[in-house]
Amino acid sequence: GEFDDVCPICGGHHIQHLRRVTGYLTGDYKTAFNWGKQKETEDRFRHSTLVKHFENTKMCYMPNDFINGEGVSVSLWIPGCKFHCEGCHNPEMQSFEDICVTDAMIDELEKALTANGILHNLSILGGEPLNDENRHIVSEIIKILQNRIPELIVYIWTGYTYWTMKIELLEI
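**Q** Sorry if this is basic, but what is going on with the environment of Val138 here?
**A** Along the chain, Val138 falls in helix H4 (residues 132-148). Overall, Val138 belongs to the buried group, its relative accessible area being 1%. Between the C-alpha atoms of Val138 and Ile156, which are 18 residues apart in sequence, the distance is 9.3 Å. With residues near it in sequence (within four places) discarded, Val138 still touches Ile78, Ile124, Pro129 and Ile156.

Shown next as structure tokens:
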């Protein structure tokens, strides 16, 4: 996640921002780089602004994602995780909420998955999409979308091990 002047974990204010620019890590890019590189850095697009939010839920998605899956994906974040891993990449997605899958959500996802005549993959992340509380939602979304788009490829990013999934999650 991104944060500005306050650490979301400890509340500290002594934060040194690091940026990766052209493969190099730097501290204060305004002193480490010339004017041209500073302008390039300031003009970069923040990927977090690409996330689309569904109404009345933390569940959200990002169309045209090249990071979370092979090729072009639509990434879907399902809130709720019981693991609370140290250094979690998405701590804002740890709390659970009741989610009702609506036709509008499915229509919006289908439109994103087939935008511009290109079939996108679906990457499902969280939180933890395979927690007990989330399995029915994830299963419902996958079944509906695969019924509408039979060739859809789905990736699920999970903290579960292969053996845990094999033993506990066979119903998905």
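There's plenty left to go through after this.
**Q** Could you clarify how one ought to interpret the confidence of the model for the chain in this entry?
**A** Per-residue pLDDT for the chain averages 83, and the proportion of residues at 70 or more is 78%. For the chain, the element scoring lowest by mean pLDDT is strand S1 (residues 19-21), at 60; helix H3 (residues 103-113) scores highest, at 97.

**Q** What am I meant to see in the environment of Leu145 here?
**A** Locating Leu145 in the fold gives a position in helix H4. On the basis of relative accessible area, Leu145 is assigned to the buried category, the value being 0%. On a C-alpha basis, the gap between Leu145 and Leu113 in space is 9.3 Å, while along the polypeptide they are 32 residues apart. Excluding residues within four positions of it along the chain, Leu145 makes contact with Ile106, Leu109, Glu110, Leu113, Leu122 and Leu152.

**Q** Mind showing me how you'd approach the pattern of salt bridges here?
**A** Side-chain pairing between opposite charges can occur once the charged atoms of the two side chains come close. A complete count under the given rule lists three salt bridges for this structure. A salt bridge links Arg148 to Glu110, with the nearest nitrogen and oxygen atoms 2.8 Å apart. Note that Arg148 is positioned in helix H4 and Glu110 in helix H3, a separation of 38 residues in sequence. Note on Glu110: relative accessible area 24%, which makes it partly exposed. Of the charged contacts in the structure, one is a salt bridge between Arg135 and Asp132, with a shortest N-O distance of 2.8 Å. Placement of both Arg135 and Asp132 in helix H4 is noted, with a separation of three residues, approximately one turn of the helix.

**Q** Please clarify how the nonpolar core should be interpreted in this entry.
**A** One recurring pattern in soluble globular proteins is that nonpolar side chains are buried together. Counting 22 residues, the largest nonpolar core has Met59, Leu76, Ile78, Leu109, Leu122, Ile141 and Leu145 as its most contacted members. Those elements giving two or more residues to this core turn out to be strand S5 (73-78), H3, strand S6 (121-126) and H4. Residue contacts for Leu109: discarding those within four places in its chain leaves Phe54, Tyr61, Val74, Leu76, Ile141 and Leu145. Counting five residues, the second-largest nonpolar core is a separate cluster that includes Cys60, Met62, Trp77 and Met93.

**Q** Which parts of the structure should I look at to understand a nonpolar patch on the surface?
**A** A cluster of nonpolar residues, Tyr162, Trp163 and Ile167, forms a patch on the protein surface that exposes about 430 Å² of accessible area. Mapped onto the fold, Tyr162 is located in helix H5 (residues 162-168). Residue Tyr162 is classed as exposed on the basis of its relative accessible area of 53%.

**Q** Looking at this structure, I do not really get the packing of aromatic side chains. What am I missing?
**A** Within a pair of aromatic rings, the relevant descriptors are the distance that separates the centres and the angle that separates the planes. Under the criterion given, the structure shown has three aromatic pairs. Taken together, a centroid distance of 5.0 Å and an interplanar angle of 80° make the contact between Tyr162 and Trp163 edge-to-face.

**Q** Can you walk me through the pairing of strand S4 (residues 60-65) in this structure?
**A** The side chains of a regular strand alternate between both faces of the sheet. Counting buried positions along S4 yields five of six residues, so the element is predominantly enclosed. Across two bridges, the pairing between strand S3 (residues 52-53) and S4 is antiparallel. When the bridges of S4 are listed, Lys52 appears paired with Tyr61. In terms of strand pairing, S4 meets S5 through four bridges, oriented antiparallel. Bridge assignment links Cys60 to a residue of S5, and that residue is Trp77.

About the thresholds
- Residue positions are given per chain, counted from 1 along the sequence in the order it is written.
- With pLDDT at 70 or above as the cut-off, local features in this predicted model cover only qualifying residues; side-chain atom pairs require 80 or more to be listed or tallied, and sums for whole chains, interfaces and linings still use all residues.
- For the side-chain quantities, the full set of heavy atoms in the structure was used; hydrogens and water were omitted.
- Numbering of helices and strands runs from the N terminus, with a helix taken as a DSSP run of H or I at least four residues long and a strand as a DSSP run of E at least two residues long.
- Classification of residues uses two cut-offs on accessible area relative to the type maximum, computed with a 1.4 Å probe and protein chains only: under 20% is buried, over 50% is exposed, and between them is partly exposed.
- Here, two residues are considered to be in contact whenever any of their heavy atoms come within 4.5 Å of each other.
- The pLDDT value expresses, per residue, how confident the predictor is, ranging between 0 and 100.
- The term salt bridge refers to a pairing of a side-chain nitrogen on Lys or Arg with a carboxyl oxygen on Asp or Glu at a separation within 4 Å.
- Among buried residues, those of type Ala, Val, Leu, Ile, Met, Phe, Trp, Tyr and Cys that are joined through side-chain atoms within 4.5 Å constitute a nonpolar core.
- Exposure above 30% relative accessible area and no salt bridge define the residues that can form patches, which grow by joining like charges within 9 Å and nonpolar side chains of Val, Leu, Ile, Met, Phe, Trp and Tyr within 5 Å.
- In these tables, accessible area is a Shrake-Rupley quantity obtained with a 1.4 Å probe, and a residue counts as shielded only by the protein chains included in the view.
- Only rings of Phe, Tyr and Trp enter the pairing, Trp through its six-membered ring, and a pair is recorded when the two centres are within 6.5 Å. The plane angle decides the type: under 30 degrees is stacked, over 60 is edge-to-face, the rest tilted.
- A pair of strands counts as paired when DSSP detects no fewer than two bridges linking them.

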